Each structure stands twice: as structure tokens, then as C-alpha cells.
Amino acid sequence: MSTWSHSRALARIEIRELHRHPARSLLVLSLIAIPVAALVGGSTLARITRPTLKEQRTETFGRATLRIEDPRRLEAIAVLELLPPELLTEPVFLSSTHVHVPGRRLAAQHIGLDLKGLAEGILVLQEGRPPVKPRELAISPNLMQSLHLQIGGTVHLGDPNALHTVVGTVADPEALDRPLVLAAPEHFPDSHPAYLLAETSERRVSRAIEGVSENGFLVTARHQMEDTRGFEDAALFVLAGFGFVEAALVISAAFAVSLRRRQREIGLLGSAGASPRGITASLLASAVILATLGAFLGITVGLGVAALLHPHLDQWNGRLNGPFETSPIHVAGACALGLAASIAAATIPARGATRLPIRIALSGRRPPVRGSGKWVLVGTLLVALALALMVAAIRARGLTATLSILAAAVCGVLGFGALSPWLLEQLARFAAPLPLSWRLAVRDAGRFRSRNGPVVTAVLAGMAISVTIAVMLTSLEPLLAGRAPSLRDDQILLTGPAAEECARELARELPVTARAPLSAVYSDGQIVSAALGDRSGFLVVGDASLLRALGYDSGEQALSEGRIVSAGKQLELRIGDRTLETSLQLAPLVPDQPTSGPIAVIGRERLASQGWAPGPPPRQELTPWLLRLRRPVTEEDVDLASVVAARSVSTTVDAAVLHASPRLGMFRIALLLSMTTGLIIIFVATALTSMESAADAAVLHAVGAAPALLRRHTAARAGYLAFLGCVLSIPAGLIPAAGLLPQANVNLAFSLPWPEIAATLIGLPLVAYASTWLVAALRRPRHPRWQPAR
């Protein structure tokens, strides 16, 4: 019998199997399509959302050549005397301000620049027109929405008596959540520009830089600005490479489980004279066809999902991302690497299936399973290698670090995956105390570990990326959020002459747990500031009500004893540039929600003994009142508070909900998509192994097992395999995350994402159990016409 005849025979068997078990073939096809779809969709979204070098330069320079700053904040106009006379310059003004409307008061960045001058592109006019007159402003859309403004409306800026007209909306294209107020530069109230933009030819840049920098000014040239996305590039490269390893492992699991059911057919071909090499080639050809269909399906789904998400990217990512675009190189690369991963993944199970003795293959019995000791050795060595590579990556930089992180991620997944057969075997020995359905599931998983090990590895690989992204998100969250919020999510701040009266009225309308005035501390007319390390704030005076309002619920006893309740142990009090030497004892308490507001509280009795006096907080003329609710503040609460405050002149409301930033939305969407992909892999992989275990269910049904027991057994097997894979995914995902974070150009603390870890360890296995139980309840077990003997 020729190889061509063998291939035709195997092709006929494959076509018949497809007709007999279409669901099984579709599951295998899905396991190939899912990771390809994730990679294609992810690379497309990354291409759309990541700022290019040109966009980064426009954000900093507009269309200018030079940016000149004065670190001393002196009259920056003096720099003009040092520049060549032919140089075209424009000032850009920056300051902080507050925008007032009846009942509301919000902080914003006040900026003065010419939208059509050298600063063109730094800000984008979205509606209306740019301000040109002294009392005209353009405001960012988030401020317009929070203040319930429209073009043509009026606001108070800074001084409550200064009324301005809103003539347009303006936004930072790279930070849509940035609260902005734009004024014409010639009418900006501050005469000290933040920096100057200058336009000159490339051959004159060096001479201009030398003349200015020698006099203490900071000068940056447009061509000197390099791409700052090195950390992002490294992260994307590692995650993409990690994804292809995941695809290979998932596909390997699919083919390993699928080839088990074709053991008898392969034995028949061998008995007819086919060589193992010829059968392996035929099996690989079948795998390539299936992988090709899966790759094209994955590309279609990935691009389709990216197109559906594209209209929402600006809101989620907090920037103007531009039109939908994809990289043909990325798509072709995903398809090619997906096919390569499929071939590589199918080779090992195909060779294993063809190396079985013909007598054992024809019998349909599973070959004797040898001990899993060698897998323990292989897995331990790979995990040790992953840890060593991770340590090496932390000390390295650039391409070397990136490749080391990728290698560590791959070795980690392979290492923990290699340990899964041994874990299945060992855990099966402790199944006796479990309920019957779980005892059968755990013991079957240990007995057929060569079938279930790849499924555990597929789940491990699918969820490890989610763990890596979750760690990066948790560690990046403080940086991406900019700084700690000024208020807790359950606080409302009332400012103005009627703040106390409004606070008293709101306490009757809302579930308020505490209300108190927010008075700062003054010594000889100067405010007493406070510092904790690199965090600065101010010292406030109050009683137990203020402690509860600030979130220091357990500090009442310490305050009554005369101690200062602070957010840390190393508190430093200052008056101007002078550090105060005080004998006051501290009572450090860590709040559950850190803010950038007051960081220390002193009692009124102790205040008088120090000769200090209360007063309004910095940059405020009146003492505000702080309310803390029993739950997070909602928009409805703010609306009610605004109505109450608007009854009094110049009384306003502020709350954290008015400053919500969408910038983290894109990162959370990436995590959600990653976890969804992992969950789908769990469903498909456990469904595939359930179909391959149909003979076991038939035997239990034949000996009189109740349908409820069969359902619980099927669901327990899915939940058990999903749980073990999720447990192993935690350390496998932490390894690349630990290597990636030190590559950032800022200090990022390694933070464990406890909610995501809990969802991975508990939520996903429960979902797998419940969904499998539901599917099993919808179908009745039936005796198969033929099942291979055990």
C-alpha cells in the first residue's frame, strides 16, 4: 500500500470523523482560532491606540523646532535677548485654576497658546471657535459635562467675580481626560510663560541651543526627542510571543486529545503496511489543513472584534486614536506563526500516536502509563531556568532584557505545564475524602493524565497572560492615574460662605456618616505644611468627626491623647522652607483610600498648647466643610448637593466622581479581553476532554449511575482541570511581569492584583463547573454504538 493510498485512507477517515463528530472537530478548530484571533485583534488595537513618534513630538513641540524652558520661573521673555533675531518664537502659559458655576467648583489647568501658531497640534479645537477676547475661554469636554455647560454659557475662573464666556471646546489629543481651560495667550493673566516655542532651520538649531543653554535655560530640540515607548514595545513583544506559545500549547492539547480517539484507525493503517513516517506526514497534513482554517477564522474574528471596538477606543484610551488601521505584516505574521505553532504542536502527539505497537493500537486499549517522575525533573529545571532568566532580565536593558523576559515566560509556562501530569497523579492519591463525583473526577484525571495534562497546560497558558496584564495594570495604576485623588470616593467637599449650612442640610438628605470643617493650621500667619517622604500636604485641626470624615476611623483615642494622627510614621512639619522641631507624638494610621489632601490631623487642645491657630486651607479664603457618606458618592448625590449649594451665593460642590479618568479604561479592556479569551479556552478545552471521556460516562451510566451523578461528575472534571490550570497560571504569569516592570523608565512597585487573582482562582473554575453542569443537564446520556475497549 503506497503512501498516497495511506494518505487517502486517512483523509477518508478524517472526513467520516467530521461527519460523525462535527462538534469535536469544531472544538479543535476553535482552539486554533481563539489564540490567533486574540493576537490579530490585540496587535490591531495596539497599532491604533499607541502614539507614534510624530504624535509624541507634536504633543511636546506643536510644529516648532525648539522648546525653551526657564527652570527658575523668572521672566522667560528675557530669553529672547539670547536668541538669534530671525528666530520665530511664541510663549505658552500654564497655571492651575478653578472653574466655578452655581453649585459646583472644579480644578483645571489654565493654558494660553495660539492654536494656529507654533503650538498647533498641542491642543485640538473640537467645537466652536478659539478664544480671542479677554473674557473668552475654551473648555475641555469633560469640564463642560461635569459643570453642565454649553457653548455660550458663562463661568467664573479663579476669582469668583470674574465672569467668562465659553466660546468653544478644546482637548488634549493625547489626554482627553485632562481638564483644560484655554485662553488667548495675549490675555493670559500670568505674565510668566511656562515655556517658549521657537522655529528655526536645522542648521541653526545647534547655535540657538548653545546660546540659550549657557545661560541656564532648558532647551529641547524636536529632532532630539526619541520614541518613549520602549517599555510598551517590550511588553507587547513579550505578550505577543507569550501568546504564540499559548497558541502552540493549546493546539498541542487539542491534537493530543484528538489523536487519542483515532488510535484504532492509525493501527489499521499500520497493519496495512503504512510506515510510521508516512502516517505522521499524513496526520501533519491534516493538522495543517485544520490549522489553516482555524487561522483564517481567527483573523476574521480578530479584525471583526477590533472593528467593533474601534468607535469606543477614544473614550477607553483617553486619547484621539485616529482611523481604523491594521498592519498586514502583523496579520500575515500571526497567520504564519499560528501555522508554525500548529505544526510544531501537532508533531509531538502525532509521533507519539504512530509509535504505538500495532497490537496495542488495534486493541483500542491505552498504552501503559509510565511514572511522571521525568516530567517533575523537566518541569523543575524549566521553572528554575525561568527564574534565572527573570533575574537576568531585571539587571539588563534593551533587546537583551526583552528576549530574556520572553524566554523566562516561555520556560515558566512549559515548566509548570510539565509539572501538571505529576500534580494530577499526586492529587489523585488524596481524593478519598471527597464527594463521589469529585473523587471520580480527581482519580480519572490522575489515571488519564496524558490526556488531561495538555488540557491543564492549555488553561495555564491561556490564563497566564491575564495574570501578567493584571500585575502590570495594578502596578501602573498609580502612575496612570497621575496622582492620588484629592477626595475619597465617599466624600463631598462644600466650599463657600454657606458651606456649613449646606452640609447640615445634606446630612438630612443623604446617608452621611460624618461632617466636619476642614481647617488648616497656621503659625504666625503662615500655614503649617506636612510631608511624608515624597508626598506633601497640610496639617488640619479637628475632632473625632473630622477623623471619620477623612477615613481615620480608629484614631479617636490617639487624638484625645494629644497625638497627631498621620498617614505614616515619618511626618515632617514645615513653615515655608523651615522644618519644625516638635515633641508631638504620632499615631500612624494607613487609610484604605490614600488622597492628596490632608495627611495629618491635630486636636484642638494640642493646637492651642502649640500657639497655633486654625484657618482656611491653602489657596482658599473660607474654610470648607467635608461630608463622608456610608457609600461611594454618585452623580445623583452630586446633583442634589449642587442644587442645595446653588441656593447660596458662591457656594460650590466637589467630589471624586467629577474627576473620574477614563485613561485606565483601555488597560482594563485589555485585561477583560485577555480573561475572556482564557475563559473561552477553558470552556473549549474542558468540553473537548469531556467529549473524549464519553466512554467513561457511558460505563457509569451502564452500571446504573444516576443522571445527577453523571452531571456532577462531568462538571467536577471541568472545574477541577480549570482550577488546577488557573492555580499554575498565577506563578507562570508573575514571572514575566516581574521582569517587565523594571524595564519602565519610572519606578513601578510590584503589586499583586488580588481581585484578579481571586477571580482567576475561584470565579473561573466555578463558571466552568456551572456551565458544564448546565450543558450536561440539557442532554441525556445515551449508550454509544461502539466504544473502544479499555
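Residues numbered from 1 in each chain as written. Predicted model: local features only at pLDDT ≥ 70, side-chain atom pairs only at ≥ 80, totals over all residues. Heavy atoms only, no water.

**Thoughts on the overall build of the protein chain**
Rule in force here: A helix here means a DSSP run of H or I that spans at least four residues, while a strand means a run of E at least two residues long, and both kinds are numbered starting from the N terminus. Only protein chains enter the accessibility calculation, which uses a 1.4 Å probe. A residue is then buried if its area is under 20% of the maximum for its type, exposed if over 50%, and partly exposed in between. The contact rule is simple, with two residues in contact once any of their heavy atoms fall within 4.5 Å. Under the convention used here, a 1.4 Å probe and the Shrake-Rupley method define accessible areas, while residue burial counts only the protein chains that appear.
Along the protein chain, the regular secondary structure elements total 24 helices and 24 strands. Relative to its full complement of 790 residues, the protein chain shows a buried share of 51%. Taking the contacts inside the protein chain whose residues are at least 6 apart along the sequence as the reference set, 82% of them involve residues at least 24 apart. Roughly 36,600 Å² of accessible area belongs to the protein chain as shown, and the carbon and sulfur atoms make up 60% of that amount.

**Focus: the pattern of salt bridges**
The cut-off we apply is this: One speaks of a salt bridge when a side-chain nitrogen belonging to Lys or Arg is within 4 Å of a carboxyl oxygen belonging to Asp or Glu.
What the rule picks out here adds up to 9 salt bridges. In this structure, the salt-bridge partner of Glu55 is Arg319, at a minimum N-O distance of 2.9 Å. Taken together, the positions of Glu55 in helix α3 (residues 53–61) and Arg319 in the loop between α9 (313–317) and α10 (328–354) put the pair 264 residues apart, joining distant regions of the chain. Residue Arg319 is classed as buried on the basis of its relative accessible area, which comes to 4%. Arg429 is paired through a salt bridge with Glu425; the nearest N and O atoms lie 3.9 Å apart. Among the ionic contacts, a cluster of salt bridges with common partners joins Glu55, Glu174 and Arg319.

**Some thoughts on unusual backbone geometry**
Although it is not a glycine, His148 adopts a positive phi angle of roughly 55°. Within the fold, His148 resides in the loop between α4 (141–146) and β6 (154–157).

**Quick notes on the environment of Leu710**
Positionally, Leu710 belongs in helix α23 (residues 707–740). Taking the C-alpha atoms as reference points, Leu710 and Ala777, 67 residues apart in sequence, are found 9.3 Å from one another.

**Quick notes on the pairing of strand β13 (residues 519–523)**
Basically, it comes down to this: Strand pairing requires that DSSP identify at least two bridges connecting the strands.
Judged by how many residues are buried, β13 sits mostly within the fold: 5 of 5 residues are covered. The side-chain alternation of β13 yields two buried faces, one formed by Ser519, Val521 and Ser523 and the other by Ala520 and Tyr522. Alignment of β13 against strand β22 (residues 613–615), held across 3 bridges, turns out to be antiparallel. What sits directly across from Val521, in β22, is Pro614. Between the antiparallel neighbours β13 and strand β14 (residues 526–527) lie 2 residues, among them Asp524 with a positive phi of about 55°.

**Overview of α23**
The criterion, for reference: To estimate the expected span of a helix, subtract one from its residue number and multiply by 1.5 Å. Here the bend at a residue is taken as the angle between two axes, fitted respectively to the seven residues that end there and the seven that start there.
If you check α23, its first and last C-alpha atoms are 49 Å apart, about what 34 residues at 1.5 Å a residue would give, namely 50 Å. Approximately 30° is the largest bend angle found in α23, and it occurs at Ser729, with the proline Pro731 only one to four residues beyond. Of all the 34 residues making up α23, 26 are buried; the element is thus mostly covered by neighbouring parts of the structure.

**As for the pairing of strand β1 (residues 66–69)**
Looking along a regular strand, one sees side chains alternate from face to face of the sheet. Bridge count between β1 and strand β10 (residues 218–221): 4 bridges; the pairing is antiparallel. Bridge pairing in β10 places Ile68 opposite Val219. Across 4 bridges, the pairing between β1 and strand β9 (residues 195–199) is antiparallel. Across the sheet, Ile68 pairs through a bridge with Leu196, a residue of β9.

**What to know about the environment of Thr714**
Residue position: Thr714 is located in helix α23. Along the primary structure Thr714 and Tyr769 are separated by 55 residues, whereas in three dimensions their C-alpha atoms are 8.4 Å apart.

**Quick word on the side chain of Thr60**
Within the secondary structure, Thr60 is located in helix α3. With residues up to four places along the chain from it excluded, the contact list for Thr60 reads Arg67, Ile122, Leu197 and Met225.

**What about α3?**
We apply this condition: The directions considered for the arc run from the helix axis to the C-beta atoms.
Within the sequence span of α3, burial applies to Gln56, Thr60 and Phe61. In an axial view of α3, the angular spread of the buried residues amounts to 110°, which keeps them on one side of the axis. Looking at the packing, one finds that the buried side of α3 touches β1, β9 and β10. Where α3 ends, the next residue or the one after it, Gly62, has phi of about 65°, a positive value.

**Brief notes about the packing of helix α12 (residues 373–395) against α23**
What counts here: Here an angle of 0 to 180 degrees is reported between the N-to-C directions of two axes, which are lines fitted to C-alpha atoms, with helices fitted over the stretch in contact. An angle counts as roughly parallel when it lies under 35 degrees, as roughly antiparallel when it exceeds 145, as roughly perpendicular when it falls between 65 and 115, and as oblique in every other case. Throughout, a crossing is termed right-handed when the near helix is turned clockwise from the far one, and left-handed when it is turned anticlockwise from it by less than a right angle.
Put simply, α12 and α23 touch, their axes get as near as 8 Å, and they point 15° apart. Put simply, α12 runs roughly parallel to α23. Once α12 is placed against α23, the crossing between them reads as right-handed. Facing α12, whose interface residues are Ala386, Leu387, Met390 and Ile394, α23 presents Ile735, Ala738 and Gly739.

**Looking at the packing of aromatic side chains**
How we decide: Classification of ring pairs rests on two measures: the distance between centres of Phe, Tyr or Trp rings, Trp counted by its six-membered ring, which must be within 6.5 Å, and the angle between planes, read as stacked under 30 degrees, edge-to-face over 60 and tilted in between. Should the NZ of a Lys or the CZ of an Arg lie within 6 Å of a ring centre and within 35 degrees of the ring normal, that charge is described as sitting over the ring.
Under the counting rule described, the total for this entry stands at 2 aromatic pairs. Between Trp438 and Tyr769 the ring centres are 5.7 Å apart and the planes differ by 5°, which places this aromatic pair in the stacked class. Of the two residues, Trp438 is situated in helix α14 (residues 436–447) and Tyr769 in helix α24 (residues 754–778); the sequence distance between them amounts to 331 residues. Among the residues examined, Tyr769 registers a relative accessible area of 22% and is labelled partly exposed. The side chain of Arg67 reaches across the aromatic face of Tyr195, ending 3.6 Å from its centre.

**Examining the packing of α23 against α24**
If you want to describe how two helices pack, look at the angle between their axes and the distance between the axes. Contact geometry of α23 with α24 gives a least axis separation of 8 Å together with a crossing angle of 160°. Taken together, the axes of α23 and α24 are roughly antiparallel relative to one another. Of the two possible hands of crossing, α23 and α24 adopt the one that is right-handed.

**Quick word on a nonpolar patch on the surface**
In plain terms, the rule: Candidate patch residues must exceed 30% relative accessible area and have no salt bridge, after which like charges are joined if within 9 Å and Val, Leu, Ile, Met, Phe, Trp or Tyr side chains if within 5 Å.
Together, Leu297, Val301 and Val305 give the surface a local cluster of nonpolar side chains, amounting to about 210 Å² of exposed area. Turning to its location among the elements, Val301 is positioned in helix α8 (residues 276–309). Residue classification places Val301 among the partly exposed positions, given a relative accessible area of 41%.

**With respect to the confidence of the model for the protein chain**
This is how it is decided: Scored from 0 to 100, pLDDT reflects the predictor's confidence in each residue.
Taken over all residues, the pLDDT of the protein chain has a mean of 77, while the share at 70 or more is 73%. By mean pLDDT, the top-scoring element of the protein chain is strand β5 (residues 136–139) (93), and the lowest-scoring one is helix α1 (residues 3–20) (60). Here residues 781–790 is modelled with pLDDT under 50, and outside its nearest four sequence neighbours on either side it reaches 17 contacts, counting other chains as well.

**A closer look at the environment of Ala715**
Within the secondary structure, Ala715 is located in helix α23. We classify Ala715 as buried; its relative accessible area is 0%. Considered as a pair, Ala715 and Tyr769 are 54 residues apart in the sequence and their alpha carbons are 4.7 Å apart. If sequence neighbours within four positions are ignored, Ala715 has contacts with Tyr769, Thr772 and Trp773.

**Looking at the side chain of His110**
As for its position among the elements, His110 is in strand β3 (residues 103–112). Taking the relative accessible area as the measure of exposure, His110 reaches 5% and is therefore buried. With near-sequence residues (within four places) excluded, His110 lies in contact with Phe93, Leu94, Ser95, Thr97, Leu137, Leu157, Val181, Ala183, Phe188 and Pro189.

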